[in-house]
Amino acid sequence: MIERLHRAGRGVFQGLRRPMARAFDGAENPLNHLGALTVFFLWIVLVSGIWLFIFFRTSVSGAFDSVEYLTHEQWYLGGIMRSLHRYASDAAIVTILLHVLKEFVFNRYRGKRWFTWVTGVPLIWMIFPLGITGYWLVWDELAQYVAISSAELIDRIPIFTDSMAGNFQSDELLSNRFFTLMAFLHLIGLPIFLVFGIWLHVFRLNSPRINPPRRMMAATFLALLVLSAVYPALSHERADLAATPQVLRLDWFYLHVYPLIQAWSPGWVWALLVAISAVIIVLPWTPAQKQEQPAKVTLDYCNGCERCVDDCPFGAVEMVARTDGTSYTHQASVDPDLCVSCGICVGACPTATPFRSQGSLIPGIDLPDRSAAALRADIEALGGRDAEPRVVAFACRDDRQLHEAHKAGIPTVSVNCMAQLSPSFIDFALSRGHADGVLLLGCQDGNCCYRFGANWTEQRLARQRDPMLRKRVEPTKIAVGWLSPWAEHKRVADRYEAFRRSLRQ
Amino acid sequence: MKLAGEIAAYAAFAAVVGLLSVWPRYELLGEDRALVSLVFSHAGERVGECRRLSQEELNKLPPNMRKPADCPRERYPVRIELRSGSEALYRKTLAPSGIWADGKASVYERIEVPAGAHDLFVGMNDSGGAEEFDFSRSETIDLFPGRNLVIQFDEQTQQFLIR
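Residues numbered from 1 in each chain as written. Chains lettered and ligands numbered in written order. Predicted model: local features only at pLDDT ≥ 70, side-chain atom pairs only at ≥ 80, totals over all residues. Heavy atoms only, no water.

## Observations concerning the overall build of chain A
Then, number 1: A tally of regular secondary structure across chain A gives 19 helices and nine strands.
Then, number 2: Dimensions of chain A, computed from the C-alpha atoms along their principal axes, are close to 90 × 55 × 40 Å.
Then, number 3: A buried classification covers 55% of the 505 residues belonging to chain A.
Then, number 4: For chain A, contacts bridging at least 24 residues in sequence account for 73% of all contacts bridging at least 6.
Then, number 5: Of the accessible surface of chain A, which amounts to about 22,600 Å², a share of 61% is contributed by carbon and sulfur atoms.
Then, number 6: Of the side chains in chain A, 49 bear a positive and 45 a negative charge, and the two mean positions are spaced by 9 Å. (Helix = DSSP H or I, 4+ residues; strand = E, 2+ residues; numbered from the N terminus. Buried < 20%, exposed > 50% of the residue type's maximum accessible area, 1.4 Å probe, protein only. Contact = heavy atoms within 4.5 Å. Areas by Shrake-Rupley, 256 points an atom, 1.4 Å probe, with all protein chains shown as cover. Lys, Arg positive; Asp, Glu negative; His and termini not counted. Charge placed at Lys NZ, Arg CZ, Asp CG, Glu CD.)

## Description of the overall build of chain B
Then, number 1: The number of helices and strands found in chain B is two helices and 11 strands.
Then, number 2: Counting from the amino terminus, helix and strand elements in chain B follow one another as α-β-β-β-α-β-β-β-β-β-β-β-β.
Then, number 3: Relative to its length of 163 residues, chain B is extended, with a C-alpha radius of gyration of 27 Å against a globular reference of 15 Å.
Then, number 4: By principal-axis analysis of the C-alpha atoms, chain B measures approximately 100 × 45 × 25 Å.
Then, number 5: For chain B, the proportion of its 163 residues judged to be buried stands at 38%.
Then, number 6: Accessible surface, chain B: about 9,500 Å² in total, of which carbon and sulfur atoms supply 53%.
Then, number 7: In chain B, the 20 positive side-chain charges and the 24 negative ones have mean positions that sit 7 Å from each other. (Rg over C-alpha atoms; globule rule 2.2 N^0.38 Å.)

## Some details on the interface of chain B and chain A
Then, number 1: Counting residues at the interface gives 41 residues for chain B, matched by 46 residues for chain A.
Then, number 2: With both sides pooled, the region where chain B packs onto chain A buries about 3,700 Å², and carbon together with sulfur makes up 60% of that total.
Then, number 3: The interface formed by chain B and chain A contains two salt bridges.
Then, number 4: Residues glutamate 152 of chain A and arginine 110 of chain B are paired through a salt bridge, measuring 3.8 Å at the closest nitrogen-oxygen approach.
Then, number 5: Run the count over chain B and chain A and you get 18 residue pairs in polar contact (both at pLDDT 80 or more).
Then, number 6: Of all the secondary structure elements, the ones that give two or more residues to the side of chain B that touches chain A are helix H1 (2–20), strand E1 (26–27), strand E2 (33–42), strand E7 (105–114) and strand E10 (148–154) of chain B.
Then, number 7: For the side of chain B that touches chain A, the leading source of residues is H1 of chain B, giving 12 residues.
Then, number 8: Residue composition of the side of chain B that touches chain A, by class: 20 nonpolar, 11 polar and 10 charged.
Then, number 9: Pairing analysis gives two bridges linking strand E1 (residues 247–248) of chain A to E1 of chain B, with the strands arranged antiparallel. Across the sheet, residue valine 247 of chain A finds its bridge partner in E1 of chain B, namely glutamate 27 of chain B. (Buried area = accessible area lost by both parts, 1.4 Å probe. Salt bridge = Lys/Arg side-chain N within 4 Å of Asp/Glu carboxyl O. Polar contact = N/O pair within 3.5 Å; in protein donor to acceptor, adjacent residues only side chain to side chain. Nonpolar A, V, L, I, M, F, W, Y, C, P; charged D, E, K, R; others polar. Pairing = 2+ DSSP bridges.)

## Focus on the confidence of the model for chain B
Then, number 1: Confidence along chain B averages 92 in pLDDT terms, with 100% of residues attaining 70 or more.
Then, number 2: Note on the complex model: pTM 0.80, ipTM 0.87. (pLDDT = per-residue confidence, 0-100.)

## A word on the sheet that holds strand E11 (residues 159–162) of chain B
Residues and elements named next belong to chain B.
Then, number 1: If you walk across this open sheet you meet the four strands as E7-E2-E10-E11, and the pairing is mixed. Edge strands, defined here as strands with exactly one partner in the open sheet, are E7 and E11. Between one strand axis and the next, the sheet turns by 15 degrees as a mean value, whatever way the strands run. (Axes fitted to C-alpha atoms, helices over the stretch in contact; angles between N-to-C directions.)

## Some words on helix H19 (residues 492–504) of chain A
All names here are of chain A.
Then, number 1: The first and last C-alpha atoms of H19 sit 19 Å apart over 13 residues, in line with the 18 Å expected at 1.5 Å per residue.
Then, number 2: Those residues of H19 lying buried are Val492, Arg495, Tyr496, Ala498, Phe499, Arg500 and Leu503.
Then, number 3: The elements touched by buried residues of H19 are strand E6 (391–396), helix H16 (400–407), strand E8 (437–442) and strand E9 (478–480). (Expected span 1.5 Å × (residues − 1).)

## With respect to H1 of chain B
Then, number 1: For H1 of chain B, which comprises 19 residues, the first-to-last C-alpha distance of 27 Å matches the rise-based estimate of 27 Å (1.5 Å per residue) to within 8%.
Then, number 2: Buried residues of H1 of chain B: Glu6, Tyr10, Phe13, Ala14, Val17 and Gly18 of chain B, and no others. For H1 of chain B, the arc enclosing every buried residue in end-on projection is 130 degrees, short of the 170-degree limit, so these residues lie on one face.
Then, number 3: Elements that come into contact with the buried residues of H1 of chain B comprise helix H1 (2–23), helix H2 (34–55), helix H4 (75–105), helix H9 (214–230) and helix H10 (252–255) of chain A. (Arc of directions from axis to C-beta.)

## Considering the nonpolar core
All names here are of chain A.
Then, number 1: In terms of nonpolar packing, the biggest core is built from 62 residues, with Phe41, Leu142, Tyr145, Leu224, Leu255 and Tyr258 touching the most fellow members.
Then, number 2: Among the elements that make up this core, the one with the highest residue count is H4 (11 residues).
Then, number 3: Grouped together as the second largest cluster of nonpolar side chains are 59 residues, Val340, Cys417, Ala419 and Phe425 included. (Core = buried A, V, L, I, M, F, W, Y, C linked by side-chain atoms within 4.5 Å.)

## A look at the state of the cysteines
Then, number 1: In total, this model carries one disulfide over all chains according to the counting rule given.
Then, number 2: Note on cysteine connectivity: cysteine 50 of chain B is disulfide-linked to cysteine 71 of chain B, with sulfurs 2.1 Å apart. Torsion about the S-S bond of the cysteine 50 of chain B and cysteine 71 of chain B cystine: about 115 degrees, corresponding to right-handed handedness. Of the two residues, cysteine 50 of chain B sits in the loop between E2 and strand E3 (51–52) while cysteine 71 of chain B sits in the loop between strand E4 (69–70) and strand E5 (78–84), which places them 21 residues apart along the sequence.
Then, number 3: With relative accessibility at 43%, the residue cysteine 50 of chain B sits in the partly exposed group.
Then, number 4: Left unpaired, cysteine 312 of chain A is separated from the closest cysteine sulfur, that of cysteine 342 of chain A, by 6.0 Å. (Disulfide = S-S within 2.5 Å.)

Structure below.
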């Protein structure tokens, strides 16, 4: 059932990617930076919020007037800031939703990734009250609706005797202290927990991507700025507790659940929210495909170079004091609780070279279930099977391109992650006559399942990162599937044929 | 071509954000409807009278616990009824809160009614009596569309307030 959902979801994402790929190169595709984009939107919210707070008055009568002043009299700055504050908050919900869905459908929440997945749930629980308290502060008709409905929801928690919602039934009962409380929650309380929550969320990741590419930041900011200028955020009428607003312009990003409070009951809404959260939390422990063994260090071949530590996207490898009495000071050590068996450490290891002539191919660090020796054997077995010019493709095991390549009859070696493949394997395939060209399919659009597979591969091939591709290898003999010009061919078979044509020339 | 695609993608994103932040509109209350809100907390009478302890009973108690009277904590449930003419808008018996049933009973009810004139009656029984109300109030009120009429019970004056 879950696997079926994964497949269906992946289909939707691939469908979305296709038109997106026309506009963006892999690295610039916003779908590859959803978490970082969320953080960027929160920065916009923070900066615009500081400006709004300077002019905001935390009182029943002052709140609405101060927001109206910002919106209409100081429209050129305060109005724009207010709209940016609103739209960036909404945009953050879009990216959060897509981020969660993407991690789910690409199966990036199980096994060792449970911590990052589970720590995302409190973030969602914090971001919604943050937005909701923001609407409350405007104290217009929408705020009145939000205040009463939120209070009804809180009243359902069986710890209060007096009804909180009762305080919002007449203007005389309403106290300025509510605004002080809301302002505290919105400006200090929730943001502090949110920042801590984000830190915890990326805590286990090595080099977490907190910022999207600059061009993307500029473009999304510009888009929100234009939206703010063309369609500024406006208040409803001033709140009047003697009346009930009849029609509201609801912000569906934050308030989608509120109509359910009236349609069902606060109790059922709590049940729904708790049930959804519980399902999300237990997902990592639902039955899944067999977990592979973590990477294994063989001290006889480990020289303590630290490249595996630098390249591991999950901080699963660390250097510890040498234990075998050799002259090296350090050795690599794998934390099996953090290792996701992507093999990127193997691709980084200088001893993972298929050219080794003495003894069997045992690198300093290797995957027991998909070893470097097995990769070499696959290249030797597949190479030369094709008609000239002979091409060997490498595809990631979790990407549908592997299946597509097999279906098209392309000689393909599967790797756990493209960065598991050290450049020496490409050199090996070409120089030992197993192939005339090497096609790296990787993950669709370079959207690596293990975060940095595409980046590290590109940098190693460009000789910017160790282990580098040897100079004797002609770049024209390597096609990187997720980069231009090969990415423009959408089907794997077309990419393969285009590459073969280029090799003939 | 790529730039045009990029601009189109970001414009579409901004459009979705702008659109769903205000649309579709949500109708909270029909055009010709109003609300009557019944909102208050009230503690019912105690179930039993206080009983003076005899000297013999007091002697049996530790010195720091010798109170002259033994008062039962439990309170009666509170029965509330709200009518518009002969139509009952709300009728419920509310249990006292707390594990010893000695706290206040609370009502929070927002009742949608047609706008226009209403002969409202609100009554409350807090002493366990079968039929009659200990407190009540009747009033004819014209509710304009969208009006939120609030009915509360003032503990100081022991009267219903209609705002």
